[in-house]
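Here is what each chain is made of, one letter per residue.
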Amino acid sequence: RGAARSWSVARYLLWKAASTKIRILCTRELQGSIADSVYRLLCDQILALKMGHLYTVQKNSIVSACGSEFLFKGLRHNIMEIKSTEGVDYAWVEEAQAVSTESWDVLIPTLFRRAGGRLFITFNTGEVDDPTYQRFVVNPPGNCVTKKVSYRDNPFFPPALEEERIDRLRLDPDGYD
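Residues numbered from 1 in each chain as written. Predicted model: local features only at pLDDT ≥ 70, side-chain atom pairs only at ≥ 80, totals over all residues. Heavy atoms only, no water.

Draft legend 1. Representation of the overall build of the protein. Of the regular secondary structure elements, the protein holds 7 helices and 6 strands. Along the chain direction, N to C, the helices and strands of the protein fall in the order α-β-α-β-β-β-α-β-α-β-α-α-α. Seen through its C-alpha atoms, the protein measures out along the principal axes to roughly 50 × 40 × 30 Å. Residues classed as buried in the protein amount to 40% of the 177 residues present. (Helix = DSSP H or I, 4+ residues; strand = E, 2+ residues; numbered from the N terminus. Buried < 20%, exposed > 50% of the residue type's maximum accessible area, 1.4 Å probe, protein only.)

Below is the structure:
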């Protein structure tokens, strides 16, 4: 926790979408509503980066001045809708530790129908046998770049999280590990 993975991907995609017309699918295994997505994070980052003049925030999507579009859909309950989603250049899967093999088996071919498709995955490691961990860490595809990051890599790691980290280490060293 506290590695700024989601912030980093959000910022990269916002900068990319501001300069190049792309279609970005933002997803996670379970997403009951847009409130369960990275929508709020992207909106907050647009403000933090002072990019408001480059984006129009709509009820269910975010559109850039050059025509880029952020779409938000859950995987598990919308898998057939995901399968028929056309023109996706990039996909961002947040909380990917929860994504099932079945969801990966639909999402990946959907994304890579288009030349140059890119997949961004952010997750906190869970169990070694999680499908995401197996697919992208233990047995990554040949074109996969994996970057393991932790709070140590975040130069802006907040003091409140540092206090919590120290408390967890002191009070529950086994759980901390």
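Draft legend 2. Local environment of the sheet that holds strand β2 (residues 55–57). Pairing within the open sheet is mixed, and its 6 strands lie in the order β2-β3-β4-β1-β5-β6. Pairing within the sheet leaves two strands with one partner each, and these edge strands are β2 and β6 (118–121). Recorded for the sheet is a direction-independent mean angle of 20° between the axes of neighbouring strands. Strands in contact with helix α1 (residues 5–19) are β1 (23–28), β2, β3 (61–64), β4 (69–74), β5 (90–93) and β6; relative to β5, the strand with the most contacts, it is inclined by about 160°. (Pairing = 2+ DSSP bridges. Axes fitted to C-alpha atoms, helices over the stretch in contact; angles between N-to-C directions. Contact = heavy atoms within 4.5 Å.)

Draft legend 3. Summary view of the packing of aromatic side chains. Using the criterion set out here, one finds 6 aromatic pairs in the structure. Relative to Phe72, the ring of Tyr39 lies with its centre 5.5 Å away and its plane at 85°, an arrangement referred to as edge-to-face. With Tyr39 in helix α2 (residues 39–48) and Phe72 in strand β4, the pair connects residues that are 33 residues apart, well separated along the chain. Given the relative accessible area of 12%, Tyr39 is considered buried. Assessed through its relative accessible area of 10%, Phe72 is described here as buried. (Phe/Tyr/Trp six-rings, centres within 6.5 Å; stacked < 30°, edge-to-face > 60°.)

Draft legend 4. A look at the pairing of β3. Two strands pair when backbone bridges link them, and β2 and β3 are joined in this way by 3 bridges, in the antiparallel orientation. Each residue of the ladder has a partner; that of Val57, found in β3, is Ile62. Linking β2 back to β3 in an antiparallel pair, the connection comprises 3 residues. Here β3 runs beside β4; their pairing, made up of 3 bridges, is antiparallel. Residue pairing across strands places Ser61 opposite Leu71, the latter belonging to β4. If you look at the hairpin formed by β3 and β4, you'll find 4 residues sitting between the two strands, and Gly67 has a positive phi there, around 100°.

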